[in-house]
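# Fold and geometry: a report
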Amino acid sequence: MSTNWSQRDTRRKTIPEFVEKARALRPALRHRSVAPVSARYQGELLTPGALAGRGLGRGDTVVLDYGDHHVGFITLTLKEEGGPTDAPAFLRLKMCENADELEEDSAQYDGWIGKGWLQEEWLHIDQLPAVLRLPRRYALRYLRLEVLDTSPNYRVLLAGAEIDAVTSAPECSVPPVDTDDPLLRRIDAVSLHTLEECMQEVFEDGPKRDRRLWIGDLRLQALVNASTFRNFDLVKRCLYLFAGLVREDGAVGSCLYAEPRLEVDNIFLLDYSLFFVPVLLDYARASGDAECLRELAPTAHRQLELARQYLGPDGVMEEEGRYVCFIDWKNGLNKQAAMQGVWLYALRQGIDLCRLTEDKARGDSYREWYEQGSRAAREVLWDEERSLFASGRERQFSWASQIWMCLAGVPEQPQAAALLDRAARQDDLVGMTTPYLYHHYVQALLECGETRCAAQALRRYWGGMIQRGADTFWELFDPEDPLASPYGSRMANSYCHAWSCTPAYLLRQYGELLREG
Ligand code: RAM
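Here's a quick rundown of the structure. (Residues numbered from 1 in each chain as written. Predicted model: local features only at pLDDT ≥ 70, side-chain atom pairs only at ≥ 80, totals over all residues. Heavy atoms only, no water.)

## Topic: the side chain of S151
- Within the secondary structure layout, S151 lies in the loop between β9 (138-149) and β10 (154-167).
- With relative accessibility at 11%, the residue S151 sits in the buried group.
- A distance of 2.6 Å separates a polar atom in the side chain of S151 from a polar atom in the side chain of D86.
- Not counting chain neighbours up to four residues away, the residues in contact with S151 comprise D86 and A87. (Helix = DSSP H or I, 4+ residues; strand = E, 2+ residues; numbered from the N terminus. Buried < 20%, exposed > 50% of the residue type's maximum accessible area, 1.4 Å probe, protein only. Polar contact = N/O pair within 3.5 Å; in protein donor to acceptor, adjacent residues only side chain to side chain. Contact = heavy atoms within 4.5 Å.)

Structure (C-alpha coordinates):
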(Lines give C-alpha, C1' and ligand atoms only; values in the text may rest on other atoms or scores of the structure.)
Protein backbone atom coordinates (compact mmCIF):
# COMPACT_ATOMS: atom_id res chain seq x y z
CA MET A 1 0.00 0.00 0.00
CA SER A 2 1.36 3.42 -0.85
CA THR A 3 0.11 6.64 0.68
CA ASN A 4 -0.36 9.70 -1.39
CA TRP A 5 -1.32 12.62 0.77
CA SER A 6 -0.01 15.29 -1.56
CA GLN A 7 -2.61 17.78 -2.69
CA ARG A 8 -2.71 19.21 -6.14
CA ASP A 9 -3.70 22.61 -4.85
CA THR A 10 -0.32 24.27 -4.69
CA ARG A 11 -1.39 27.83 -3.95
CA ARG A 12 0.58 29.13 -1.05
CA LYS A 13 0.86 32.27 1.02
CA THR A 14 4.06 33.53 2.61
CA ILE A 15 4.15 35.89 5.54
CA PRO A 16 7.61 37.42 5.16
CA GLU A 17 7.87 38.85 8.70
CA PHE A 18 7.29 35.40 10.18
CA VAL A 19 9.75 33.72 7.82
CA GLU A 20 12.33 36.39 8.69
CA LYS A 21 11.88 35.73 12.40
CA ALA A 22 12.35 32.02 11.77
CA ARG A 23 15.48 32.67 9.71
CA ALA A 24 16.99 34.79 12.45
CA LEU A 25 16.49 31.92 14.89
CA ARG A 26 18.45 29.42 12.80
CA PRO A 27 20.57 27.58 15.38
CA ALA A 28 24.31 27.04 15.35
CA LEU A 29 25.03 23.33 15.39
CA ARG A 30 27.28 21.85 18.05
CA HIS A 31 30.01 19.59 16.62
CA ARG A 32 31.74 16.65 18.27
CA SER A 33 34.25 14.27 16.73
CA VAL A 34 33.45 10.60 17.32
CA ALA A 35 35.76 7.66 16.58
CA PRO A 36 34.72 4.00 16.41
CA VAL A 37 35.10 2.06 19.64
CA SER A 38 35.55 -1.36 18.06
CA ALA A 39 35.76 -3.10 14.72
CA ARG A 40 34.87 -6.47 13.31
CA TYR A 41 37.07 -7.74 10.51
CA GLN A 42 35.91 -10.94 8.83
CA GLY A 43 34.06 -11.77 12.06
CA GLU A 44 37.08 -11.08 14.34
CA LEU A 45 36.71 -8.36 17.02
CA LEU A 46 39.55 -5.79 16.89
CA THR A 47 40.39 -2.36 18.23
CA PRO A 48 40.19 0.33 15.53
CA GLY A 49 43.97 0.77 16.00
CA ALA A 50 44.64 -2.88 15.23
CA LEU A 51 42.34 -2.69 12.21
CA ALA A 52 44.37 0.21 10.79
CA GLY A 53 47.29 -2.19 10.32
CA ARG A 54 45.30 -4.81 8.38
CA GLY A 55 45.48 -4.55 4.61
CA LEU A 56 42.04 -4.98 3.05
CA GLY A 57 41.58 -6.54 -0.36
CA ARG A 58 38.83 -7.77 -2.69
CA GLY A 59 35.83 -9.12 -0.75
CA ASP A 60 37.04 -8.07 2.71
CA THR A 61 34.42 -6.57 5.01
CA VAL A 62 34.77 -4.59 8.21
CA VAL A 63 32.07 -3.33 10.54
CA LEU A 64 32.90 -0.33 12.73
CA ASP A 65 30.90 0.21 15.90
CA TYR A 66 30.66 3.77 17.25
CA GLY A 67 29.17 2.57 20.54
CA ASP A 68 26.01 4.70 20.26
CA HIS A 69 23.78 6.34 17.67
CA HIS A 70 25.23 9.45 16.01
CA VAL A 71 24.12 11.95 13.38
CA GLY A 72 26.86 13.52 11.30
CA PHE A 73 29.38 13.53 8.52
CA ILE A 74 31.90 10.72 8.03
CA THR A 75 35.55 11.32 7.15
CA LEU A 76 37.56 8.32 5.97
CA THR A 77 41.35 8.31 6.11
CA LEU A 78 42.65 5.69 3.69
CA LYS A 79 46.19 4.54 2.98
CA GLU A 80 47.67 1.80 0.87
CA GLU A 81 49.75 -1.24 1.70
CA GLY A 82 51.98 -2.11 -1.23
CA GLY A 83 51.36 -0.05 -4.33
CA PRO A 84 51.39 2.02 -6.33
CA THR A 85 47.60 2.26 -6.65
CA ASP A 86 47.40 1.13 -10.26
CA ALA A 87 43.59 0.78 -10.18
CA PRO A 88 40.97 2.68 -8.15
CA ALA A 89 39.99 1.34 -4.77
CA PHE A 90 36.31 0.43 -5.05
CA LEU A 91 34.40 0.48 -1.76
CA ARG A 92 30.83 -0.03 -0.67
CA LEU A 93 29.72 1.65 2.54
CA LYS A 94 26.57 1.00 4.48
CA MET A 95 25.51 3.13 7.44
CA CYS A 96 23.20 1.42 9.93
CA GLU A 97 21.24 2.77 12.85
CA ASN A 98 21.07 -0.70 14.42
CA ALA A 99 22.60 -4.15 14.06
CA ASP A 100 19.60 -5.68 12.23
CA GLU A 101 20.13 -3.30 9.33
CA LEU A 102 23.62 -4.76 8.79
CA GLU A 103 21.98 -7.94 7.55
CA GLU A 104 19.60 -6.28 5.10
CA ASP A 105 20.30 -6.37 1.39
CA SER A 106 19.26 -3.20 -0.39
CA ALA A 107 19.12 -5.06 -3.73
CA GLN A 108 15.96 -6.70 -2.37
CA TYR A 109 14.29 -3.35 -1.59
CA ASP A 110 10.76 -3.20 -2.98
CA GLY A 111 9.22 -0.42 -0.90
CA TRP A 112 7.22 2.40 -2.50
CA ILE A 113 9.11 5.22 -0.79
CA GLY A 114 12.33 6.38 -2.53
CA LYS A 115 15.21 3.91 -2.39
CA GLY A 116 17.55 6.87 -2.02
CA TRP A 117 16.72 6.88 1.69
CA LEU A 118 18.74 3.71 2.22
CA GLN A 119 22.07 4.78 3.67
CA GLU A 120 24.72 3.45 1.28
CA GLU A 121 27.57 4.70 -0.87
CA TRP A 122 29.69 3.19 -3.61
CA LEU A 123 33.05 4.95 -3.83
CA HIS A 124 35.81 4.90 -6.43
CA ILE A 125 39.07 6.28 -5.04
CA ASP A 126 41.67 6.94 -7.69
CA GLN A 127 44.59 7.84 -5.48
CA LEU A 128 45.82 6.75 -2.08
CA PRO A 129 46.48 8.00 0.51
CA ALA A 130 43.23 9.95 0.67
CA VAL A 131 41.12 11.78 3.21
CA LEU A 132 37.48 11.79 2.16
CA ARG A 133 34.68 13.68 3.87
CA LEU A 134 31.41 12.23 2.59
CA PRO A 135 28.97 14.95 1.56
CA ARG A 136 25.76 13.40 2.98
CA ARG A 137 24.84 13.52 6.64
CA TYR A 138 24.12 10.09 8.07
CA ALA A 139 22.41 8.59 11.11
CA LEU A 140 24.32 5.56 12.34
CA ARG A 141 25.80 3.44 15.04
CA TYR A 142 27.51 0.99 12.64
CA LEU A 143 29.49 1.52 9.45
CA ARG A 144 29.98 -1.49 7.21
CA LEU A 145 32.79 -1.13 4.70
CA GLU A 146 33.24 -3.70 2.01
CA VAL A 147 36.22 -3.63 -0.33
CA LEU A 148 34.73 -4.48 -3.70
CA ASP A 149 38.16 -4.31 -5.28
CA THR A 150 41.69 -2.92 -5.19
CA SER A 151 44.25 -4.50 -7.54
CA PRO A 152 46.69 -7.38 -7.12
CA ASN A 153 49.28 -4.66 -6.48
CA TYR A 154 47.99 -3.11 -3.23
CA ARG A 155 45.57 -3.35 -0.30
CA VAL A 156 43.65 -0.59 1.51
CA LEU A 157 44.37 0.46 5.08
CA LEU A 158 41.55 2.08 7.02
CA ALA A 159 43.51 4.53 9.18
CA GLY A 160 40.50 6.53 10.40
CA ALA A 161 36.71 6.83 10.13
CA GLU A 162 35.55 9.74 12.30
CA ILE A 163 32.06 11.12 12.52
CA ASP A 164 31.66 14.87 12.83
CA ALA A 165 28.49 14.54 14.95
CA VAL A 166 26.02 17.44 14.94
CA THR A 167 23.05 18.57 17.00
CA SER A 168 21.42 21.82 18.08
CA ALA A 169 20.65 20.46 21.55
CA PRO A 170 22.55 22.44 24.19
CA GLU A 171 25.57 20.81 25.75
CA CYS A 172 24.30 20.94 29.32
CA SER A 173 23.52 17.48 30.50
CA VAL A 174 19.92 16.96 31.54
CA PRO A 175 19.69 15.36 35.01
CA PRO A 176 18.38 11.79 34.74
CA VAL A 177 14.98 10.95 36.15
CA ASP A 178 14.91 10.39 39.87
CA THR A 179 14.81 6.61 40.13
CA ASP A 180 17.16 3.69 40.67
CA ASP A 181 15.14 1.46 38.38
CA PRO A 182 17.59 0.49 35.63
CA LEU A 183 14.95 0.00 32.94
CA LEU A 184 13.32 3.40 33.52
CA ARG A 185 16.72 5.10 33.60
CA ARG A 186 17.64 3.46 30.31
CA ILE A 187 14.29 4.36 28.73
CA ASP A 188 14.84 7.96 29.82
CA ALA A 189 18.42 8.10 28.51
CA VAL A 190 17.43 6.62 25.15
CA SER A 191 14.51 9.05 24.86
CA LEU A 192 16.80 12.00 25.52
CA HIS A 193 19.33 10.77 23.01
CA THR A 194 16.57 10.29 20.42
CA LEU A 195 15.48 13.89 20.84
CA GLU A 196 19.05 15.19 20.81
CA GLU A 197 19.72 13.42 17.50
CA CYS A 198 16.58 14.89 15.93
CA MET A 199 17.44 18.45 17.02
CA GLN A 200 19.13 19.91 13.99
CA GLU A 201 18.36 23.18 12.14
CA VAL A 202 14.74 22.36 12.88
CA PHE A 203 13.19 19.59 14.96
CA GLU A 204 13.55 16.80 12.41
CA ASP A 205 11.28 13.75 12.51
CA GLY A 206 14.12 11.33 11.87
CA PRO A 207 17.74 12.01 10.92
CA LYS A 208 17.78 9.01 8.54
CA ARG A 209 14.35 9.72 7.05
CA ASP A 210 12.47 12.11 6.38
CA ARG A 211 14.93 14.63 7.82
CA ARG A 212 12.32 17.39 7.90
CA LEU A 213 10.00 19.21 10.20
CA TRP A 214 6.60 17.56 10.72
CA ILE A 215 4.16 19.30 13.03
CA GLY A 216 2.84 16.09 14.60
CA ASP A 217 6.37 15.18 15.63
CA LEU A 218 7.15 18.77 16.63
CA ARG A 219 4.30 18.81 19.13
CA LEU A 220 5.77 15.87 21.04
CA GLN A 221 9.38 17.03 20.67
CA ALA A 222 8.47 20.44 22.04
CA LEU A 223 6.83 18.83 25.08
CA VAL A 224 9.94 16.79 25.84
CA ASN A 225 12.22 19.74 25.10
CA ALA A 226 10.35 21.93 27.59
CA SER A 227 11.08 19.52 30.44
CA THR A 228 14.64 18.65 29.35
CA PHE A 229 16.86 20.65 26.94
CA ARG A 230 14.74 23.81 27.05
CA ASN A 231 15.90 25.04 23.66
CA PHE A 232 12.86 27.28 23.28
CA ASP A 233 14.28 29.20 20.35
CA LEU A 234 14.17 26.09 18.23
CA VAL A 235 10.47 25.60 19.00
CA LYS A 236 9.83 29.27 18.27
CA ARG A 237 11.66 28.99 14.94
CA CYS A 238 9.50 26.02 13.96
CA LEU A 239 6.30 27.80 14.96
CA TYR A 240 7.18 30.85 12.86
CA LEU A 241 8.06 28.60 9.93
CA PHE A 242 4.69 26.89 10.00
CA ALA A 243 2.86 30.19 10.45
CA GLY A 244 4.93 31.94 7.78
CA LEU A 245 4.49 29.34 5.03
CA VAL A 246 0.84 28.39 4.75
CA ARG A 247 -1.73 27.36 2.16
CA GLU A 248 -3.54 30.27 0.57
CA ASP A 249 -6.55 29.82 2.88
CA GLY A 250 -4.26 29.93 5.93
CA ALA A 251 -4.05 26.16 6.60
CA VAL A 252 -0.82 25.17 8.27
CA GLY A 253 1.09 22.51 6.34
CA SER A 254 2.06 19.15 7.80
CA CYS A 255 5.73 19.34 6.98
CA LEU A 256 8.39 21.77 5.87
CA TYR A 257 11.80 21.75 4.24
CA ALA A 258 14.53 23.95 5.68
CA GLU A 259 16.87 23.36 2.72
CA PRO A 260 17.68 24.25 -0.05
CA ARG A 261 15.07 26.92 0.66
CA LEU A 262 12.38 27.26 3.26
CA GLU A 263 9.33 25.64 1.73
CA VAL A 264 6.10 24.05 2.90
CA ASP A 265 5.25 20.65 1.43
CA ASN A 266 1.94 20.01 -0.30
CA ILE A 267 0.68 17.63 2.39
CA PHE A 268 -2.13 19.01 4.56
CA LEU A 269 -3.26 16.55 7.22
CA LEU A 270 -6.21 17.84 9.21
CA ASP A 271 -5.06 16.52 12.60
CA TYR A 272 -1.59 17.96 11.98
CA SER A 273 -2.90 21.45 11.11
CA LEU A 274 -4.92 21.47 14.32
CA PHE A 275 -1.83 20.63 16.33
CA PHE A 276 -0.58 24.15 15.69
CA VAL A 277 -2.93 25.13 18.53
CA PRO A 278 -1.36 22.96 21.29
CA VAL A 279 2.19 23.58 20.06
CA LEU A 280 1.68 27.34 20.37
CA LEU A 281 -0.10 27.06 23.71
CA ASP A 282 2.51 24.73 25.22
CA TYR A 283 5.32 26.96 23.96
CA ALA A 284 3.73 30.13 25.34
CA ARG A 285 3.12 28.51 28.73
CA ALA A 286 6.62 27.06 29.00
CA SER A 287 8.55 30.07 27.70
CA GLY A 288 6.31 32.97 28.73
CA ASP A 289 6.82 34.49 25.26
CA ALA A 290 3.77 36.77 25.08
CA GLU A 291 4.82 38.46 21.84
CA CYS A 292 4.96 35.19 19.92
CA LEU A 293 1.62 34.16 21.39
CA ARG A 294 0.04 37.43 20.28
CA GLU A 295 1.50 37.22 16.78
CA LEU A 296 0.67 33.58 16.15
CA ALA A 297 -2.69 33.20 17.91
CA PRO A 298 -4.57 34.19 14.69
CA THR A 299 -2.86 31.30 12.87
CA ALA A 300 -4.03 28.93 15.60
CA HIS A 301 -7.60 30.21 15.41
CA ARG A 302 -7.59 29.87 11.65
CA GLN A 303 -6.91 26.12 11.95
CA LEU A 304 -9.98 25.66 14.13
CA GLU A 305 -12.16 27.70 11.77
CA LEU A 306 -10.97 25.71 8.76
CA ALA A 307 -11.45 22.32 10.42
CA ARG A 308 -15.06 23.16 11.25
CA GLN A 309 -16.07 22.93 7.58
CA TYR A 310 -15.58 19.14 7.72
CA LEU A 311 -18.25 18.57 10.34
CA GLY A 312 -21.19 16.64 8.96
CA PRO A 313 -24.84 17.60 9.63
CA ASP A 314 -24.76 15.22 12.62
CA GLY A 315 -22.00 17.32 14.23
CA VAL A 316 -19.32 14.67 13.70
CA MET A 317 -16.27 14.95 11.44
CA GLU A 318 -16.85 13.45 8.01
CA GLU A 319 -14.83 10.41 7.09
CA GLU A 320 -11.64 11.10 5.14
CA GLY A 321 -12.20 12.18 1.55
CA ARG A 322 -12.53 15.94 1.43
CA TYR A 323 -9.63 15.97 3.87
CA VAL A 324 -6.92 13.50 4.94
CA CYS A 325 -5.49 12.95 8.39
CA PHE A 326 -2.77 10.84 9.99
CA ILE A 327 -3.68 9.41 13.48
CA ASP A 328 -1.48 6.28 13.11
CA TRP A 329 0.23 4.10 10.51
CA LYS A 330 -2.10 1.15 11.07
CA ASN A 331 -3.38 -0.38 7.85
CA GLY A 332 -7.14 -0.28 7.46
CA LEU A 333 -7.67 2.14 10.36
CA ASN A 334 -10.90 4.13 10.05
CA LYS A 335 -9.98 7.58 11.36
CA GLN A 336 -13.31 9.33 11.74
CA ALA A 337 -13.80 8.91 15.50
CA ALA A 338 -10.16 9.67 16.30
CA MET A 339 -10.39 12.78 14.11
CA GLN A 340 -13.45 13.91 16.07
CA GLY A 341 -11.32 13.41 19.19
CA VAL A 342 -8.47 15.51 17.81
CA TRP A 343 -10.93 18.23 16.83
CA LEU A 344 -12.38 18.37 20.35
CA TYR A 345 -8.94 18.15 21.92
CA ALA A 346 -7.76 21.10 19.80
CA LEU A 347 -10.89 23.06 20.77
CA ARG A 348 -10.06 22.59 24.44
CA GLN A 349 -6.58 23.89 23.75
CA GLY A 350 -8.18 26.77 21.85
CA ILE A 351 -10.30 27.59 24.91
CA ASP A 352 -7.13 27.76 27.03
CA LEU A 353 -5.44 29.89 24.39
CA CYS A 354 -8.35 32.35 24.55
CA ARG A 355 -8.11 32.42 28.32
CA LEU A 356 -4.41 33.26 28.08
CA THR A 357 -5.01 36.01 25.52
CA GLU A 358 -8.19 37.27 27.21
CA ASP A 359 -10.23 36.66 24.09
CA LYS A 360 -13.52 35.98 25.85
CA ALA A 361 -15.95 36.07 22.93
CA ARG A 362 -13.94 33.58 20.91
CA GLY A 363 -13.45 31.37 23.94
CA ASP A 364 -17.24 31.25 24.38
CA SER A 365 -17.76 30.13 20.79
CA TYR A 366 -15.16 27.43 21.15
CA ARG A 367 -16.89 26.22 24.31
CA GLU A 368 -20.15 25.99 22.42
CA TRP A 369 -18.51 24.12 19.52
CA TYR A 370 -16.92 21.78 22.03
CA GLU A 371 -20.23 21.03 23.77
CA GLN A 372 -21.95 20.36 20.45
CA GLY A 373 -19.12 18.15 19.25
CA SER A 374 -18.85 16.09 22.37
CA ARG A 375 -22.62 15.59 22.52
CA ALA A 376 -22.58 14.50 18.87
CA ALA A 377 -19.73 12.06 19.60
CA ARG A 378 -21.75 10.47 22.38
CA GLU A 379 -24.88 10.24 20.23
CA VAL A 380 -23.39 9.17 16.92
CA LEU A 381 -20.18 7.31 17.71
CA TRP A 382 -21.02 5.53 20.95
CA ASP A 383 -21.99 1.89 20.51
CA GLU A 384 -24.40 0.82 23.25
CA GLU A 385 -23.98 -2.86 22.64
CA ARG A 386 -20.20 -2.94 23.03
CA SER A 387 -19.83 0.16 25.20
CA LEU A 388 -17.05 1.44 22.95
CA PHE A 389 -16.72 4.24 20.43
CA ALA A 390 -17.18 3.11 16.84
CA SER A 391 -15.75 4.78 13.75
CA GLY A 392 -17.08 5.23 10.25
CA ARG A 393 -19.97 3.76 8.32
CA GLU A 394 -18.56 0.29 8.93
CA ARG A 395 -18.59 0.96 12.72
CA GLN A 396 -14.98 -0.05 13.23
CA PHE A 397 -13.64 -0.48 16.78
CA SER A 398 -10.05 0.63 17.28
CA TRP A 399 -7.68 1.71 19.98
CA ALA A 400 -7.16 5.03 18.22
CA SER A 401 -10.86 5.92 18.59
CA GLN A 402 -11.01 5.12 22.31
CA ILE A 403 -7.74 6.94 23.06
CA TRP A 404 -8.66 10.15 21.27
CA MET A 405 -12.15 10.21 22.75
CA CYS A 406 -10.56 10.05 26.21
CA LEU A 407 -7.98 12.73 25.41
CA ALA A 408 -10.82 14.91 24.15
CA GLY A 409 -12.65 14.50 27.45
CA VAL A 410 -15.77 13.02 25.84
CA PRO A 411 -16.21 10.34 28.50
CA GLU A 412 -15.76 11.95 31.89
CA GLN A 413 -14.28 10.27 34.94
CA PRO A 414 -14.66 7.48 35.95
CA GLN A 415 -16.14 6.42 32.58
CA ALA A 416 -12.91 7.17 30.70
CA ALA A 417 -10.87 4.82 32.89
CA ALA A 418 -13.56 2.17 32.54
CA LEU A 419 -13.54 2.61 28.76
CA LEU A 420 -9.76 2.07 28.49
CA ASP A 421 -10.02 -0.89 30.80
CA ARG A 422 -12.81 -2.40 28.70
CA ALA A 423 -10.82 -1.77 25.51
CA ALA A 424 -7.89 -3.70 26.96
CA ARG A 425 -10.14 -6.71 27.44
CA GLN A 426 -11.24 -6.88 23.78
CA ASP A 427 -9.34 -8.96 21.30
CA ASP A 428 -10.64 -7.52 18.06
CA LEU A 429 -9.75 -3.83 18.30
CA VAL A 430 -7.65 -2.39 15.46
CA GLY A 431 -4.31 -2.00 17.24
CA MET A 432 -1.51 0.58 17.48
CA THR A 433 1.64 0.59 15.37
CA THR A 434 3.63 3.66 16.25
CA PRO A 435 5.21 5.08 19.40
CA TYR A 436 3.22 8.15 18.39
CA LEU A 437 -0.15 6.53 19.10
CA TYR A 438 1.34 4.64 22.03
CA HIS A 439 2.31 7.95 23.58
CA HIS A 440 -1.31 9.06 23.36
CA TYR A 441 -2.41 5.79 24.91
CA VAL A 442 -0.10 6.26 27.91
CA GLN A 443 -1.11 9.90 28.19
CA ALA A 444 -4.81 8.94 28.17
CA LEU A 445 -4.22 6.35 30.90
CA LEU A 446 -2.40 8.93 33.02
CA GLU A 447 -5.14 11.48 32.59
CA CYS A 448 -7.65 8.87 33.75
CA GLY A 449 -5.56 8.13 36.84
CA GLU A 450 -4.62 4.66 35.57
CA THR A 451 -1.01 5.08 36.62
CA ARG A 452 -0.17 1.44 37.14
CA CYS A 453 -1.45 0.50 33.71
CA ALA A 454 0.40 3.47 32.15
CA ALA A 455 3.67 2.42 33.81
CA GLN A 456 3.21 -1.13 32.59
CA ALA A 457 2.51 0.00 29.03
CA LEU A 458 5.54 2.28 29.05
CA ARG A 459 7.84 -0.45 30.33
CA ARG A 460 6.44 -3.05 27.96
CA TYR A 461 6.48 -0.94 24.81
CA TRP A 462 9.59 1.24 25.10
CA GLY A 463 11.29 -1.50 27.14
CA GLY A 464 10.53 -3.85 24.22
CA MET A 465 12.63 -1.66 21.92
CA ILE A 466 15.43 -1.55 24.51
CA GLN A 467 15.32 -5.33 24.74
CA ARG A 468 15.78 -5.46 20.98
CA GLY A 469 18.92 -3.33 21.26
CA ALA A 470 17.60 0.21 20.68
CA ASP A 471 20.08 3.07 21.26
CA THR A 472 17.41 5.49 20.05
CA PHE A 473 13.67 4.86 19.77
CA TRP A 474 12.02 3.91 16.51
CA GLU A 475 9.49 5.29 14.10
CA LEU A 476 7.51 2.10 14.25
CA PHE A 477 7.28 -0.75 16.69
CA ASP A 478 4.59 -3.36 16.53
CA PRO A 479 5.63 -6.10 18.97
CA GLU A 480 3.34 -8.51 17.13
CA ASP A 481 4.74 -7.71 13.72
CA PRO A 482 8.47 -6.97 13.77
CA LEU A 483 8.55 -6.54 9.98
CA ALA A 484 5.83 -3.88 9.93
CA SER A 485 6.49 -0.90 7.70
CA PRO A 486 4.17 1.69 6.18
CA TYR A 487 6.60 1.98 3.28
CA GLY A 488 6.38 -1.56 1.90
CA SER A 489 9.80 -2.46 3.30
CA ARG A 490 11.31 -2.32 6.75
CA MET A 491 14.56 -1.08 5.20
CA ALA A 492 13.02 2.38 4.85
CA ASN A 493 11.96 2.57 8.52
CA SER A 494 13.70 5.10 10.71
CA TYR A 495 15.23 3.92 13.99
CA CYS A 496 15.71 7.29 15.59
CA HIS A 497 12.37 8.96 15.37
CA ALA A 498 11.27 12.07 17.19
CA TRP A 499 7.77 11.04 18.09
CA SER A 500 9.09 8.13 20.13
CA CYS A 501 11.04 10.25 22.63
CA THR A 502 8.15 11.10 24.94
CA PRO A 503 9.00 8.87 27.94
CA ALA A 504 11.50 11.59 28.94
CA TYR A 505 8.51 13.94 29.25
CA LEU A 506 6.07 11.45 30.75
CA LEU A 507 8.53 10.32 33.44
CA ARG A 508 9.20 13.91 34.49
CA GLN A 509 5.67 15.20 34.21
CA TYR A 510 4.01 12.27 35.95
CA GLY A 511 6.42 11.45 38.79
CA GLU A 512 4.01 8.76 39.99
CA LEU A 513 5.14 6.66 36.99
CA LEU A 514 8.51 6.28 38.69
CA ARG A 515 6.92 4.73 41.75
CA GLU A 516 4.86 2.10 39.91
CA GLY A 517 6.76 -1.17 39.57
C1 RAM B 1 6.08 9.94 8.22
C2 RAM B 1 7.07 10.34 9.25
C3 RAM B 1 6.68 11.50 10.13
C4 RAM B 1 5.20 11.57 10.35
C5 RAM B 1 4.43 11.48 9.09
C6 RAM B 1 2.95 11.54 9.28
O7 RAM B 1 6.49 10.33 6.97
O8 RAM B 1 7.31 9.21 9.98
O9 RAM B 1 7.33 11.39 11.35
O10 RAM B 1 4.87 12.72 11.06
O11 RAM B 1 4.74 10.25 8.48
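## Comments concerning the site of the ligand
- The ligand sits among 13 residues. The nearest are D210, D217, Y272, E475 and H497.
- In this structure, Y272 approaches the ligand through a side-chain N or O atom, which is 2.8 Å from an oxygen atom.
- Between an oxygen atom of the ligand and a side-chain N or O atom of H497, the distance comes to 2.8 Å.
- Look at the ligand: alone it shows 290 Å² of surface, and the protein chains cover 97% of it.
- For the shell around the ligand, the class distribution of residues is seven nonpolar, one polar and five charged. (Near = heavy atom within 4 Å. Areas by Shrake-Rupley, 256 points an atom, 1.4 Å probe, with all protein chains shown as cover. Nonpolar A, V, L, I, M, F, W, Y, C, P; charged D, E, K, R; others polar.)

## With respect to the state of the cysteines
- Taken as a whole, this structure holds zero disulfides when the rule is applied.
- No disulfide involves C255; its sulfur sits 13 Å from that of C238, the nearest cysteine.
- Looking at C255, the relative accessible area reads 0%, which means it is buried.
- Just so you know, C496 is unpaired, no disulfide at all, and the nearest cysteine sulfur is the one on C198, 4.1 Å from it. (Disulfide = S-S within 2.5 Å.)

## Thoughts on the packing of aromatic side chains
- Throughout the structure, instances matching the rule amount to 29 aromatic pairs.
- Note on W5 and W214: the rings are 6.4 Å apart at their centroids and 70° apart in plane angle, and the pair reads as edge-to-face. Separated by 209 residues along the polypeptide, W5 in the segment before β1 (12-14) and W214 in strand β11 (residues 213-214) bring together distant segments of the chain.
- In this structure W214 comes out as buried when scored by relative accessible area, which is 9%. (Phe/Tyr/Trp six-rings, centres within 6.5 Å; stacked < 30°, edge-to-face > 60°.)

## Here we look at unusual backbone geometry
- Between R209 and the following residue, D210, the backbone shows a cis peptide bond with an omega angle of 5°.
- Mapped onto the fold, D210 is located in the loop between α4 (182-198) and β11.
- Q413 connects to P414 through a cis peptide bond whose omega is 0°.
- We note that R230 has phi near 55°; this positive angle belongs to a residue other than glycine.

## Examining helix α11 (residues 360-381)
- End to end, α11 covers 31 Å across 22 residues, agreeing with the expected 32 Å (1.5 Å per residue, within 8%).
- Of the positions making up α11, those classed as buried are G363, Y366, W369, Y370, G373, S374, A376, A377 and L381. Here the buried residues of α11 occupy an arc of 160° about the axis, which is enough to place them on one side. Among the exposed residues of α11, those pointing more than 90 degrees away from its buried face are K360, A361, E368 and E379.
- Looking at the buried positions of α11, the neighbouring elements they touch are α9 (290-308), α10 (336-357), β15 (382-383), β16 (388-389) and α12 (399-407). (Expected span 1.5 Å × (residues − 1). Arc of directions from axis to C-beta.)

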